[in-house]
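Read off the chains here:
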Amino acid sequence: MTSLKLLLRCAIVGGLVLLLLIPLMLIRGTVQERERYRDQAIERVAQSRAGAQSLIGPVRVLPWTQEQEVEVVGPTGLKTRELQKEQGYDLQMPARLRVQGEMRPDERRVGLFRVPVYSWHARVQAEFTDSEYKPVAGRSYGQPYLALGIADVRGLVGSPNLRVDGRSVALQAGARALEATSKGLHAPLKMQGDAGSGVLADGRKVELEFVLDGTRTLSVVPLGDDTRVDIASTWPHPQFSGSFSPNERSIDDSGFKASWAVSSLASAAQEQLRRSLHSDGTVESLTVALVDRVDVYTQADRATKYGILFVLLTFVGFALFELIKQLRIHPLQYLLVGLALAIFFLLLLSLSEQIAFWQAYLISAAACIGLQGFYLSGVLRSAKYGLMFSTMLTLLYGALHMLLGSENNALLLGSLLLFGILALIMWITRRMDWYELGSRPVASPTTPPRMP
């Protein structure tokens, strides 16, 4: 009978643990909701300033018109010949492409949210080889031009400085041939020779300097036969993605430097760009984003995942104390302490939006530990025992803070923490006679606990 009471007691405590999953899930839902609001803030900044940026080109474009007679079968089955026109482009990619620039970071505030933005001070050098266009029956060539794809041209600051073979050339709005893939600019070039067979001699060496504003992300398409990209910034938390990782990188508190070297033998960007002229398609690129990898919402969300562990460990401590010291603790008291543990995560989220995360964590932890220490001193009828549990909670909150601050070792540290706690509980209870403990009378909740 006594064993059944002990089992029922454990079942009640287990039910309370499951019940406390509800507020923990609601708090985690609040964290995710705030993340969505943050993403909306990023979209608002992108709409009012400039969004994520990408650079395509420069490429040389030669438009052409093809006329040919085709046989057409009419509704009556009569065959006739019609003259049809087809328009297209010949694209020439750079033999060597060099892209350099510094991303100068800044932040924009939308309510409580901080959105990272940048101004990219870029220098582009492209070298082309001569291209001969042999005569094709019925085909005529138009004026060649230089095309440059930019994702959001609103981000251009001032007028870009373009030099073609050493002479200044004015850029015009519209990417023309690249419009299926990207917005951008173009500049007319000169063709040497007749319209049927000429050598595109103009634009062998292209130099471009510009300042481009963007939000968070910058991408560069490696269109050259030999593409080299160097990007630097004072932002200490870059995220590299896309189809290519940097060949060299250095990251520290003062910022980052990254370099890519991509050959057309390793990249399908040239062929993908040619296909995208006829249909909307993606072109592989190298990408860098200015992010805070362990930001407020990432840390708050990670903290809530350990919420049930906090509740479970505290309840285990209560249960052991109840059995060893023979003090009856009411399930409602378990529930109140569990709710105080859950409130910590809500306090952490709300305060971290206003002040630094470590300050929010310190204030939230101190408030919850103080509240629970005061309450448990009354529940356990002893300030000493209340202080003991407050010390245990302080160690738990300290361990959690270490987990949240570790980006790469959070899983390892969490596993070691769980193993250590389990080993400690097993060591404390290794000589405990559970049947004998279950048969002892418990102290009245209105009287101090009986000391062994």
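Residues numbered from 1 in each chain as written. Predicted model: local features only at pLDDT ≥ 70, side-chain atom pairs only at ≥ 80, totals over all residues. Heavy atoms only, no water.

## Concerning the overall build of the chain
Check the secondary structure of the chain and you find 10 helices and 20 strands. Put simply, 76% of the contacts in the chain that link residues at least 6 apart link residues at least 24 apart. As presented, the chain carries roughly 23600 Å² of accessible surface, and 57% of it is formed by carbon and sulfur atoms. (Helix = DSSP H or I, 4+ residues; strand = E, 2+ residues; numbered from the N terminus. Contact = heavy atoms within 4.5 Å. Areas by Shrake-Rupley, 256 points an atom, 1.4 Å probe, with all protein chains shown as cover.)

## Observations concerning the packing of helix α2 (residues 21-48) against helix α6 (residues 331-352)
Where α2 contacts α6, the two axes come as close as 10 Å, and the packing angle between them is 5 degrees. The orientation of α2 with respect to α6, classified from their angle, is roughly parallel. In this structure, α2 contributes P23, L24, I27, T30, V31 and R34 to the contact, and α6 contributes L339, A342, F345, L346 and L349. Considering only residue class, the contact of α2 with α6 consists of nine nonpolar, one polar and one charged. (Axes fitted to C-alpha atoms, helices over the stretch in contact; angles between N-to-C directions. Parallel < 35°, antiparallel > 145°, perpendicular 65-115°, else oblique. Nonpolar A, V, L, I, M, F, W, Y, C, P; charged D, E, K, R; others polar.)

## Considerations on empty space enclosed by the protein
Empty space among the atoms becomes apparent when a probe as large as a water molecule is rolled across them. As enumerated under the stated definition, the model contains one cavity of 30 Å³ or more in all. In this structure, the largest cavity encloses a volume near 40 Å³. In terms of lining, the largest cavity is formed by P58, L146, L148, L162, L171 and L208. Here the lining of the largest cavity is built from residues that sort into six nonpolar, no polar and no charged. (1 Å grid on protein atoms, 1.4 Å probe; cavity = no way out; pocket = protein on both sides within 12 Å on 5 of 7 lines; lining within 4 Å. Points joined across faces, edges and corners; volume = space filled by probe spheres on them.)

## Focus on the sheet that holds strand β4 (residues 113-127)
In spatial order, the strands read β9-β8-β14-β4-β3-β16-β19-β18; together these eight strands make up an open sheet with mixed pairing. Every other strand in the sheet has two partners, leaving β9 (167-168) and β18 (248-252) as the edge strands with one partner each. Those strands touched by α2 are β3 (96-110), β4 and β14 (205-215), and its axis lies near 45 degrees from that of β4. (Pairing = 2+ DSSP bridges.)

## Notes on the pairing of strand β8 (residues 156-164)
Strand direction decides the pairing type here: β8 and β14, joined by six bridges, are antiparallel. Its bridge partner being in β14, L162 is matched across the sheet by L208. The antiparallel pairing of β8 with β9 creates a hairpin that spans two residues between the two strands, and D165 there sits at a positive phi of about 55 degrees.

## Section: the nonpolar core
F315, F344, Y361, L380, Y397 and L400 are the most contacted members of the largest nonpolar core, which has 42 residues in total. Only α1 (2-19), α2, α5 (307-324), α6, α7 (357-379) and α8 (383-405) provide two or more residues apiece to this core. Within the second largest apolar cluster, 38 residues are counted, among which are Y118, A187, V229 and L290. (Core = buried A, V, L, I, M, F, W, Y, C linked by side-chain atoms within 4.5 Å. Buried < 20%, exposed > 50% of the residue type's maximum accessible area, 1.4 Å probe, protein only.)

## Brief notes about a nonpolar patch on the surface
A surface patch of nonpolar side chains, about 300 Å² in accessible area, is lined by L19, I22 and L26. Locating I22 in the fold gives a position in helix α2. (Patch = residues over 30% accessible without salt bridge, like charges linked within 9 Å, V, L, I, M, F, W, Y side chains within 5 Å. Salt bridge = Lys/Arg side-chain N within 4 Å of Asp/Glu carboxyl O.)

## Section: the pattern of salt bridges
Applying the stated criterion to the full structure yields seven salt bridges. Across the pair E102 and R104 runs a salt bridge whose closest N-O atoms are separated by 3.5 Å. The exposure class assigned to E102 is partly exposed, which follows from its relative accessible area of 32%. A residue is classified by how much of its surface remains accessible, and R104, at 42% relative accessible area, is partly exposed. In this structure, R108 engages D106 in a salt bridge whose closest nitrogen and oxygen atoms are separated by 3.0 Å. Residue R108 is classed as partly exposed on the basis of its relative accessible area, which comes to 33%. When salt bridges with common partners are traced through the structure, they connect R98, D226 and R228 into a single cluster.

## Quick look at the confidence of the model for the chain
Looking at the chain, the pLDDT average stands at 79 and 85% of residues meet or exceed 70. Per-element confidence in the chain is highest for strand β16 (residues 226-233), whose mean pLDDT is 94, and lowest for strand β13 (residues 198-199), whose mean pLDDT is 54. The low-confidence segment residues 442-452 (pLDDT under 50) makes 21 contacts with residues lying over four places distant or belonging to another chain. (pLDDT = per-residue confidence, 0-100.)

## Regarding the side chain of D213
Tracing the backbone through its elements, the reader meets D213 in strand β14. Classification of D213 as buried rests on a relative accessible area of 15%. Not counting residues up to four positions away in its chain, the partners in contact with D213 are R49, A50, Q53, Y118, S119, G155 and V157.

## Remarks on the pairing of strand β1 (residues 53-73)
Along any regular strand the residues' side chains alternate between the sheet's two faces. As judged from the three bridges shared by β1 and strand β15 (residues 217-220), these two strands associate in the parallel manner. Paired with Q53 across the strands is L218, a residue of β15. By the bridge criterion, 14 bridges tie β1 to strand β2 (residues 79-92) in an arrangement that is antiparallel. Counted as the bridge partner of Q66 is E86 from β2.

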